[in-house]
Amino acid sequence: MFDKILIANRGEIALRVHRACKEMGIATVAVHSEADAGAMHVRLADESVCIGPAPVSKSYLNIPSIIAACEISGAQAVHPGYGFLSENARFAEIVEAHGFTFIGPRPEHIRMMGDKIAAKVAVRTAGIPVVPGSVGALSSEDEAMRAAADIGFPVLIKAAAGGGGRGMKVARTAADLLEALRTAKSEARAAFGDDSVYLERYLARPRHIEVQVIADQFGAVCHLGERDCSLQRRHQKMMEEAPSPAIDAATRAAIGETVRKAIGSLGYLGVGTIEFLYENGEFFFIEMNTRLQVEHPVTEAITGIDLVREQIRIAAGLPLSFRQEEVTFEGHAIECRINAENPRTFTPSPGLVTDFHQPGGLGVRLDSALYAGYTIPPDYDSLAAKLIVHGRDRGECVARLRRCLAEMVVGGVETTIPLFQDLLVESDILEGRYHIHWLEEWLRGAG
Ligand code: MV4
C-alpha cells in the first residue's frame, strides 16, 4: 500500500480523498493555487505545495507543476478527484512515466471513452444498448441524409470530441439537417479541433440514469446499481438519487449484469460510470465517465461501500474488498448540490462565508470544504457543499432532507438551499416523476 498520496484537486473532493487516505493510514499532500492558500484542503493535508496562480490553467491544470509537487513531496500516487485532470489520458501517462501511480483507469480507456464515437462503438460491441444512429463518424452529407431517413426525425447531431452536452444540434426535419450538420461541424472544429460528428435518434423526455461500476486487476467487476441524475440545468446536475424511482429490482439486476459483462470484456480498471438515457422502459448508452463522480456518495450511502478506498486499493494492486453477491442496496439516498449562487438566476456568489452551520443526525452527510471565515474565491466552480441524506425509504429520505435544509446555515453568500426547499414540495419531485428537461421547464414557469 502507498504511504503518501498527492491529491491533485481542491474543495470538497480533495477533502473526500484526504478522509479515505487517513482512514487507510496514508499521508496526504495537497496542491493549491495562490488563491487557495487558506483553503480547508490545504489546512487538513499533512503537507501542501503551491502549484501556481489562481487561474486553473496555471495551477490545477498545470501538469509540470503537479509532477514537480510529486517529486518534492515524495508521494507515490496521485488521486485526480473529478474535473481538472481526472479524464486527461496524457496526464495519466505522464504521471506513470515519472514513476508515480495514477489512481484511476488505464490511459487507453480514458482516451477511448473521451472519443464519443469510439466509446459508442466499443460498448455496443461489448453488448451495451446504444441510441439508434449512425455507426461511426459521418463521412458525407449524403450519408447523413440516409442515416437520418433510416432513424426518423427528429435527430441529434453530436461531436465525437464533445460530451457533457457540448457540440450537440437537433434537426427536427430533413429540411433542417444540412444546416444543422454544417453548424455542428464548424462549432466542433472551433471548440475541439476535430469536426467528426455522428447522428442519433433524438429522445425527447428521457431520464438520465447512470450505472456505477468498479473493476480490479484480477478480473473482478461489480456494478453498484444506478443513480438518477435527471434533475439538471444546463448540463449541471442539481440533485441526484439512488436508487432511481423509475427502476425496479429486476430492471436494476438486468442492466447491472449487462454492464458488468461489457466492462469485463473491455478489460476496464477502476471506477467508472455508464450513462444512459432511459425512456419507455429502454436504456440507451450515451457516454462513459472514467472518473469518480460528484454524486458518488448516494451510491456509497445505499451500498455502504467507500468508493475512494476501493480506488486506492485497486491502484495499489489489491483486489476489490467485496463480491457482487455481497452488494446490497439499503434504503434511499438523495444528494443536493448546494452552490454559492443566486437560487433563481444562478449568478455565482463568491465572497466571505460569515456563518456556517452543518445539519446533522442519523443518515446525514455533508461533504464541504467551507468554514466560517472562509472566502470563496471567484476563480473556481460554485459547488459549496453536497448534502447527502439517507433514509430507509424515499419518503423518509425526503423528510430528512427537508429537515436538514431548514437547519443548514451558510451566511454571507447566496446559496441554492432555497431552491431545493421549493423543489421538495413539488408533487412531481415527491412522486419521482421527472425527466432531464423537468427542472428547466419548472424554472421557466415558477422562476
Ligand atoms: C441525447 C439527448 C437526446 N437524444 N441524445 C446531453 C449531454 C450528453 N451527455 C448527452 N446529452 C443528451 N443526449 C439523444 N440521442 C439529450 C441529451 C441531453 C441531456 C442528457 C443527459 C442529461 C441532461 C441532458 C440535457 C439536455 C440534453
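Structure's up top.
Residues numbered from 1 in each chain as written. Predicted model: local features only at pLDDT ≥ 70, side-chain atom pairs only at ≥ 80, totals over all residues. Heavy atoms only, no water.

**Focus: the overall build of the protein chain**
- The helix and strand inventory of the protein chain stands at 15 helices and 20 strands.
- A compact globule built from 447 residues should have a C-alpha radius of gyration of about 22 Å, and the protein chain, at 22 Å, falls within 12% of that.
- C-alpha atoms of the protein chain, sized along the principal axes, occupy 60 × 50 × 45 Å.
- Looking at the 447 residues of the protein chain, the share that counts as buried comes to 56%.
- For the protein chain, the exposed surface amounts to about 17,500 Å²; the carbon and sulfur share of it is 50%. (Helix = DSSP H or I, 4+ residues; strand = E, 2+ residues; numbered from the N terminus. Rg over C-alpha atoms; globule rule 2.2 N^0.38 Å. Buried < 20%, exposed > 50% of the residue type's maximum accessible area, 1.4 Å probe, protein only. Areas by Shrake-Rupley, 256 points an atom, 1.4 Å probe, with all protein chains shown as cover.)

**Comments concerning the site of the ligand**
- Residues in contact with the ligand amount to 19 residues; listed here are only the nearest, Lys158, Glu200, Arg201, Leu203 and Glu287.
- Contact between the ligand and glutamate 200: a nitrogen atom at 2.9 Å from a side-chain N or O atom of the residue.
- Arginine 201 places a main-chain nitrogen or oxygen 2.7 Å from a nitrogen atom of the ligand.
- In isolation the ligand has 520 Å² of accessible area, and contact with the protein removes 93% of it.
- Those elements that place two or more of their residues in the shell around the ligand are strand E6 (155–163), strand E8 (197–201), strand E12 (270–279) and strand E13 (282–289).
- Looking at the shell around the ligand, its residues break down into 8 nonpolar, 6 polar and 5 charged. (Near = heavy atom within 4 Å. Polar contact = N/O pair within 3.5 Å; in protein donor to acceptor, adjacent residues only side chain to side chain. Nonpolar A, V, L, I, M, F, W, Y, C, P; charged D, E, K, R; others polar.)

**Some words on the pairing of strand E19 (residues 383–391)**
- For E19, the buried fraction is high: 7 of the 9 residues fall into the buried class.
- Note that strand E14 (residues 332–339) and E19 share 8 bridges and pair antiparallel. When the sheet's bridge partners are listed, glutamate 335 is paired in E19 with isoleucine 388.
- Bridge count for strand E17 (residues 364–368) against E19 is 5 bridges, and the pairing is antiparallel. Residue pairing for E19: arginine 365 is matched across the bridge by isoleucine 388. (Pairing = 2+ DSSP bridges.)

**Quick word on helix H1 (residues 11–23)**
- With 13 residues, H1 ought to run about 18 Å at 1.5 Å a step, and its terminal C-alpha atoms sit 19 Å apart, in line with that.
- Taken residue by residue, H1 has Gly11, Glu12, Ile13, Ala14, Leu15, Arg16, Val17, His18, Ala20 and Cys21 as its buried positions.
- The first or second residue beyond H1 is glycine 25, which carries a positive phi of 75°. (Expected span 1.5 Å × (residues − 1).)

**Topic: the packing of helix H7 (residues 141–151) against helix H8 (residues 174–192)**
- Axis separation between H7 and H8 bottoms out at 11 Å; the angle between their running directions is 135°. Viewed along their axes, H7 and H8 adopt a mutual orientation that is oblique. Considering the relative orientation of H7 and H8, their crossing is right-handed. Counting all contacts with H7, which are made through Glu141, Ala144, Met145 and Ala148, the residues of H8 involved are Ala174, Leu177, Leu178, Leu181 and Arg182.
- Split by residue class, the contact of H7 with H8 holds 7 nonpolar, no polar and 2 charged. (Axes fitted to C-alpha atoms, helices over the stretch in contact; angles between N-to-C directions. Parallel < 35°, antiparallel > 145°, perpendicular 65-115°, else oblique. Left-handed = near helix turned anticlockwise from the far one by under 90°. Contact = heavy atoms within 4.5 Å.)

**A short note on the sheet that holds E13**
- Overall, antiparallel pairing links the 8 strands, which are arranged E13-E12-E9-E10-E11-E14-E19-E17 in an open sheet. Of all strands in the sheet, those bounded by a partner on one side alone are E13 and E17. Strand-to-strand twist across the sheet, computed as the mean angle between neighbouring axes with direction ignored, equals 25°.
- Of the strand pairs in this sheet, E12 and E13 are connected by 7 bridges, and their pairing is antiparallel. Bridging across to E13, isoleucine 274 finds its partner in methionine 288.
- Packed on one face of the sheet, helix H9 (residues 249–265) meets strand E9 (207–215), strand E10 (221–233), E12 and E13 and runs near 115° to E10.

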